[in-house]
Amino acid sequence: MPRILLAAAAICGVVLPLLAGHAAPLTELKSLKLDVPTSDATVPPGPGADAVNNNCLACHSADHLMSQPSLSKDQWDEVVHKMITAYKAPISPKDATAIVDYLARTKGTK
């Protein structure tokens, strides 16, 4: 058994350094050209719609927002604050309140 391990170690000691030289060095980074769909759609008008359009549509489409399930105001508050804390959405406290109110009014539980 020790002979087999010694032979395997010897082979690895000879072969692995030779293989390491075959990897191409990373000399430059290349950016990918990525075409993403764009949209001028906004959420339906109403109090707080401007806050939603100015903050949420940077990452989400209006269709995505309007296809969300109906949630209570407390649940919308949790969602908006998760976007701020976990995903670092730069939303002011004033806009956060307007967004929660808008979503509770348009996508709230009945």
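Residues numbered from 1 in each chain as written. Predicted model: local features only at pLDDT ≥ 70, side-chain atom pairs only at ≥ 80, totals over all residues. Heavy atoms only, no water.

**Q** Report on the pattern of salt bridges, specifying residues and quantitative values.
**A** Summed over all chains, the structure comprises one salt bridge. In this structure, the salt-bridge partner of aspartate 101 is lysine 73, at a minimum N-O distance of 2.8 Å. Taken as a pair, aspartate 101 in helix 5 (residues 93-107) and lysine 73 in helix 4 (residues 73-85) lie far apart in primary sequence, 28 residues in all. Overall, the relative accessible area of 46% leaves lysine 73 in the partly exposed class. (Salt bridge = Lys/Arg side-chain N within 4 Å of Asp/Glu carboxyl O. Helix = DSSP H or I, 4+ residues; strand = E, 2+ residues; numbered from the N terminus. Buried < 20%, exposed > 50% of the residue type's maximum accessible area, 1.4 Å probe, protein only.)

**Q** Now, about the nonpolar core: what can you tell me, with residues and values included?
**A** In terms of nonpolar packing, the biggest core is built from 16 residues, with Val43, Val52, Val80, Ile99, Tyr102 and Leu103 touching the most fellow members. Listing elements by their share of this core, those giving two or more residues are helix 2 (49-55), helix 3 (62-66), helix 4 and helix 5. The element that contributes the greatest number of residues to this core is helix 5, accounting for five residues. Apart from the residues lying within four places of it in its own chain, the contact partners of valine 80 are Ala96, Ile99, Val100 and Leu103. (Core = buried A, V, L, I, M, F, W, Y, C linked by side-chain atoms within 4.5 Å. Contact = heavy atoms within 4.5 Å.)

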